[in-house]
Structures are given as structure tokens and as C-alpha cells.
Amino acid sequence: MKLKPEEISSILQQEISKYEGALKMENVGTVLQVGDGIARVYGLEKVMSSELVEFIPSGGNKENRESIYGIALNLEEDSVGCVILGDDTIIREGDQAKCTGRVMEVPVGEALIGRVVDALGKPLDGKGPIVTEHRYPLEGGSPNVVQRQPVKEPLQTGWKAIDSMIPIGRGQRELIIGDRQTGKTALTIDTIFNQKDGDVICIYVAIGQKASTIASIVNTFEKYGAMKYTTVVAASASDPAPLLYIAPYAGCAIGEYLRDKGKHALIIYDDLSKHAQAYRQLSLLLRRPPGREAYPGDIFNLHSRLLERAAKLSVELGGGSLTALPIVETQAGDVSGYIPTNVISITDGQIYLDPDLFYAGVRPAINVGISVSRVGGSAQIPAMKQIAGKLKLDLAQYRELAAFSQFASDLDKTTQAQLTRGERLVEILKQPQYQPMSVEDQIIIIFAGTNGYLDSLSMAEVTPFINGLDQFIKEKHPGIRETIRKNRKLDEQTAGNIKKALDEYRQTFNK
């Protein structure tokens, strides 16, 4: 078959008419220096602050290699300082880097529930890829005043001492602070366990912990069935500092998606001390001027812009909430340290775990004198609010008298009675790990303590009495728990029923 010249020319004309020459402009720079997770790039004149930068390594097999990205943090006169999100040994001096025109994003959505991911949202649990269409920016803006509503709905932790005296509400930011090995992580893990069969989805962000510790926590979640409603974001101590820096922001973005969908999320940052140290490392390597304790000047903004994203949204925006429980580690009980005071001033209260109380066997080792919730009774159901006031008063009087009685040899009966009551109240607030308690069970136990049902018992009998009471109420008087759960109030009839049940149980206990 022969082609005619006019046919060839007509085909060429058609192809030429379809051709559109699109001019593609790219802002490309050259790596001047690389090391310790930091790259200095020359030539990225149009780069934006916190923009994602793609590095194009010159060596190795380009087809099988994943792209390496970084975040532009320092915009200087003659170069750009980027933190590398990955292996910086592949990048060499002279390699190319180009602007992407977008900020760092992480995958979000229901697909992440029950998964363990790294700070970039990549799976670490070997359960296959995470399939989701949704992505949220790492640095999302916090809701303004009009978009929020007051914190008024309780988030039950399952700890008697917290739910009664230092209540946490949905949308609140409550700091957990204390020395190492005083039960900070244990407290947050039990709070996650207490959300079982509820409507709160949990996100646990592990920052700078040993990989073995994170694996142990994940195993504990799976053992108690908590992974069904929990996402774990892991940035272990062996990960580079840039991943430790972005990990809490990645976890927050995952929680924000749920909040914006009208759901309720709880996020735990464990812990922000190591996060601040990672940011200090990056800042010093970027040659930023050091300030107090060698932290950069914007260390306060680092945590405030993270924690301000926790909120209870208005009804018009769906009424979803994101509750934050940041953890900060103190050194030798120094609450007045730089990072602790910064985070205390940002949050809506703090729970201080005292090492002296911990070693004395009071667990959770909450120092009620320093601990506070600035939301207060707004985050409690009316029934708990009714009995919590008496509990706080009795404990305050006990602490005052306990300090005074050390120097007095002879005490009157009233003082002795107050000391006896206080000792037993401290005892009933003790709680073992992995045993969170429903709010109605807490109310019945605290009611027994504040109404003098334990005063005649010896200290050794208090714990058996409380354990037996819990079982007795569930078996013999289940209606009391149901009434409290349904009405959320402690009216005269319910209080009378509790007293009758306590009188009945005390007679069987004494036998």
C-alpha cells in the first residue's frame, strides 16, 4: 500500500493543529551542604516558609528509589535551610532540589483507626497500605472564638481522683506533668481504655520513646481491645529529629479530621519535652539564635499553635471535639522549668504526679494541691459535682490537719475524726492500673467515703470494703447504677437508696 503525499501532509497538519506547547516553570536549587537531617539549598528564590521541597539525588537507581522530601524552615538571604524527612545520607552536595508548591500533608480518615503509623502517615504495623482519599495539612489553623463552644461535656478518664476533683471536658487541654516513672503514660493509657464502647476515637502520639516501649504499649492496646478505636503515631528515639518534630502535628491533623466530621477525638502527646528537644536540635543546626536553655525564641509558639487546635466546635460546625492530653516530664520535680511553665500557661489546667506520693504507694500519685482543672465543674455530670465538693473540702481539711498534727501530741475528737475521714478518702482514691471505673461506680464509692461509712473501718479493711461494695451493688442493687447513668443527678430518692444499700452491705461485711 502506497501513501500519497497529500495524505501525509494532511495528517501532519492535523497533529500540528492539536499540539499545545505548555511552558512549565520549575524553581530548582542546588544542595550546598547536607548533614544531621539538615540541607542548605541555593537558588530556591520562590520557596515559601514551611513549603515541601523535593530532593533529587544524583546517585543510585532512580527508578526504584522513593522521593525524599524536606520542609523549608529557614528562608535566608543567600540560601534556604530545609529539614529532611527521611534518610539524609542519600542526598549529596550538588544534588538538585525543587519547590513543590504545597505544604506538608498527612493521610487522614477512618482508614487510620486501628493502625500504627509513622510521622508521615506510613504504616508500621505490617497490615498493608492505608487506603484513604483525604489528606490534611500538618499545620492547620486553630478554630477562632466564634467557631468554638464552651467546654461542658465530660470526658471520663475512669480515674476516681481525676473525674471527681480535676475533671476533663471534651475540647479541653489538660497537661499531665511529673518526673519520669511516676505513672504519666499509665494514666493516659487507662483513659484510652475507658473510652471502650463509647463514641471517642483516640490518637496516641509517641515522641522519642524507645521502639520496644512503643511496641509494648501497642501490645497492651491490642490485649485490652483498645486498638479498635485507636490510632498510634510513632516517632521513636531512633528516628531522625525532623520526624520527632512533625509527629504531634501529624497526630493532630488525624484528630482534626474526626473533629471536623462532628466526631469526638482524644489525642495524647507523649511527651512534649522530647518534642521540644528535637526542635531545639533542628533550630541549632539551622543556626537560629539560642535563647533560654538553648531553646529557640519561638519554642512557646511551637506548642501553643499545636495545643490551640484542640477545641469543642460550635453546633453549626457539627459539634465535634478534639481533647488534648499533653505530657511533660520534669526534672527532680521542678515545675518551674522552661518547658513545663510554657505548657502550663497554654493548657486549661494540669495534673501533677508527685514522686514522693508515688513511692509512698499513693497511685495515681496526684498532688491535689498543685493540680487544677480550669474548666472545673462544667466538665462533670451533676451527680459527680454534688459529691465532689464535699470530697475536696474533706481532703483540704485533712491535708491542713495532717501537717499540723505532726507537732501535736494530744488531739481533740473532732480533729481525730477529720484525720480518720481524710486517711480513708485518700485510700479510696487509690486505683490500680488497667482498671478504669465507670462514673456511676465512682459516685457510689465516693458517696460512701464522704458520708462516713468507712470511718469505723481499719485502714486494712478499706480496700476490701470498696471492692466488695462494687460487686454488691452490681449484683443486689443494679437499679441504682442505672438511675445515676440515666438521670445524671443525685436526688433525695437515689441518695436514700444508696444509703440503704450501704447499710445493708455494711452489715454483711462486718459478718
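Just so you know, these numbers come straight off a predicted model, no measurement behind them.

Caption draft 1: Main features of the overall build of the chain. Counting secondary structure elements, the chain contains 15 helices and 16 strands. Taken over the C-alpha atoms alone, the chain extends approximately 115 × 55 × 40 Å along its principal axes. Taking all 511 residues of the chain together, 52% fall into the buried category. Considering only contacts within the chain whose residues lie at least 6 apart along the sequence, 74% involve residues at least 24 apart. Accessible surface for the chain amounts to roughly 24300 Å². Of this, 51% is attributable to carbon and sulfur atoms. Looking at the chain, you have 58 positive and 63 negative side-chain charges, and the mean spots of the two groups are 4 Å apart.

Caption draft 2: How the structure looks around the layout of surface pockets. In this structure, the largest pocket encloses a volume near 650 Å³. For the largest pocket, the lining is made up of 22 residues, of which Q181, T185, Q209, T213 and D270 are closest to its centre. Counting only elements with at least two residues in the lining of the largest pocket, the list comes to α3 (184–193), α4 (211–223) and β14 (321–329). In terms of residue class, the lining of the largest pocket is made up of 6 nonpolar, 9 polar and 7 charged. What the second largest pocket holds in volume is close to 560 Å³. The wall of the second largest pocket is formed by 24 residues, among which Q156, R170, N194, G198 and V439 lie closest to the centre.

Caption draft 3: The arrangement of the environment of T414 in detail. On the secondary structure map, T414 appears in helix α11 (residues 413–428). For T414, a relative accessible area of 54% corresponds to the exposed category. Linking T414 and T341, residues 73 residues apart in sequence, is a C-alpha distance of 40 Å.

Caption draft 4: Focus on helix α13 (residues 459–476). Given a rise of 1.5 Å per residue, 18 residues ought to cover 26 Å, and the 26 Å separating the end C-alpha atoms of α13 matches this to within 8%. Within the span of α13, buried status applies to V462, F465, I466, L469, D470, F472 and I473. Close packing links the buried residues of α13 with α11, α12 (439–450), α14 (478–487) and α15 (492–510).

Caption draft 5: Summary view of unusual backbone geometry. Following D270, the chain continues to D271 via a peptide bond in cis, the omega torsion being -5°. With respect to the helices and strands, the residue D271 is situated in the loop between β13 (264–270) and α6 (272–285). Positioned with a positive phi, E293 is a non-glycine residue whose angle comes to about 55°. Here E293 shows up in the loop between α6 and α7 (299–307).

Caption draft 6: The packing of α14 against α15, seen in detail. Interaxial distance between α14 and α15 falls to 10 Å at its minimum, and their mutual angle equals 150°. In terms of their interaxial angle, α14 and α15 are classed as roughly antiparallel. Where α14 crosses over α15, the handedness of that crossing is left-handed. Between α14 and α15, the residues in contact are I480, T483 and I484 and T494, N497, I498 and A501, respectively. Partitioning the contact of α14 with α15 into residue classes produces 4 nonpolar, 3 polar and no charged.

Caption draft 7: Focus on the packing of aromatic side chains. Evaluated as defined, the whole model comprises 14 aromatic pairs. Centre to centre, the rings of F472 and Y505 are 5.2 Å apart; their planes meet at 40°, and the pair counts as tilted. Highlighted residues: F472 in helix α13 and Y505 in helix α15, separated in sequence by 33 residues. Take F472 and Y505: they sit in the same class, and that class is buried.

Caption draft 8: Here's a closer look at the nonpolar core. Of all hydrophobic cores here, the largest spans 67 residues; its most connected members are F221, I443 and L469. Take this core: its biggest share by element is 7 residues, from α12. Among all residues touching I443, those that are not within four sequence positions of it are I381, A383, M384, I387, I484 and L490. In this structure, V83, I246, L258 and I339 belong to the second largest nonpolar core, which totals 60 residues.

Caption draft 9: Representation of the pattern of salt bridges in the model. The final tally for this structure, using the stated rule, is 27 salt bridges. A salt bridge links E427 to K430, with the nearest nitrogen and oxygen atoms 3.1 Å apart. For E427, a relative accessible area of 16% corresponds to the buried category. The partly exposed category is assigned to K430, whose relative accessible area is 25%. In this structure, the salt-bridge partner of R481 is D441, at a minimum N-O distance of 2.6 Å. Of the two residues, R481 is situated in helix α14 and D441 in helix α12; the sequence distance between them amounts to 40 residues. D441 shares its class with R481; the two are buried. By sharing partners, the salt bridges in this structure join R148, R173, E308 and D348 into a single network.

Caption draft 10: Just the sheet that holds strand β16 (residues 372–373), in detail. The mixed open sheet is built from 8 strands, whose spatial order is β8-β12-β11-β13-β14-β10-β15-β16. The open sheet is flanked by β8 (116–117) and β16, the only strands paired with a single partner. Of the pairings in the sheet, the one linking strand β10 (residues 175–178) to β14 comprises 3 bridges and is parallel in character. By the bridge assignment, G178 is partnered in β14 with E329. With respect to the sheet, helix α5 (residues 241–260) is in contact with β11 (200–207), β12 (230–235), β13 and β14, its orientation differing from that of β11 by roughly 175°. Sheet contacts for helix α8 (residues 338–346): β10, β14 and β15 (349–353); angle to β10, the most-contacted strand, approximately 155°.

What counts as what
Each chain has its residues counted from 1, running along the sequence as written. The predicted origin of the model limits local features to residues at a pLDDT of at least 70 and limits the giving and counting of side-chain atom pairs to 80 or more, whereas totals for whole chains, interfaces and linings rest on all residues. Calculated side-chain values reflect all of the structure's heavy atoms, with hydrogen atoms and water omitted. In this text, helices come from DSSP runs of H or I with a minimum length of four residues, and strands from runs of E with a minimum of two, each type numbered from the N-terminal end. Each residue is placed in one exposure class: buried if its accessible area under a 1.4 Å probe, protein chains only, is under 20% of its type's maximum, exposed if it is over 50%, and partly exposed if it falls in between. Pairs of residues are marked as contacts when any of their non-hydrogen atoms sit within 4.5 Å. With residues, only the protein chains shown are counted as cover, and all accessible areas are computed by Shrake-Rupley using a 1.4 Å probe. Only four residue types enter the charge count: Lys and Arg as positive, Asp and Glu as negative, with His and the chain ends excluded. One atom stands in for each charge, and that atom is NZ of Lys, CZ of Arg, CG of Asp or CD of Glu. Buriedness for pockets is judged along seven lines, at least five of which must meet protein on both sides within 12 Å for an open set on the 1 Å grid over protein atoms alone, while cavities are sets there where a 1.4 Å probe fits but cannot get out, and lining residues have an atom within 4 Å of a point. Grid points are joined across faces, edges and corners, and a volume is the space filled by probe spheres set on the points. Only Asp, Glu, Lys and Arg are considered charged in this grouping, and only Ala, Val, Leu, Ile, Met, Phe, Trp, Tyr, Cys and Pro are considered nonpolar; every other residue, Gly among them, is considered polar. Multiply 1.5 Å by the residue count of a helix minus one, and that product is the helix's expected span. Here, axes are lines fitted to C-alpha atoms. For helices the fit covers the stretch in contact, and angles between N-to-C directions go from 0 to 180 degrees. An angle below 35 degrees is treated as roughly parallel, one above 145 as roughly antiparallel, one from 65 to 115 as roughly perpendicular, and anything else as oblique. A clockwise turn of the near helix away from the far one marks a right-handed crossing, whereas an anticlockwise turn of less than a right angle marks a left-handed crossing. Centre distance within 6.5 Å is the pairing criterion for rings of Phe, Tyr and Trp, where only the six-membered ring of Trp is used; planes under 30 degrees apart are then read as stacked, over 60 as edge-to-face, and the remainder as tilted. Residues enter a nonpolar core if they are buried and are Ala, Val, Leu, Ile, Met, Phe, Trp, Tyr or Cys, with the set joined through side-chain atoms within 4.5 Å. Salt bridge, as used here, is a side-chain nitrogen of Lys or Arg placed within 4 Å of a carboxyl oxygen of Asp or Glu. Should DSSP find at least two bridges between two strands, the strands are regarded as paired.

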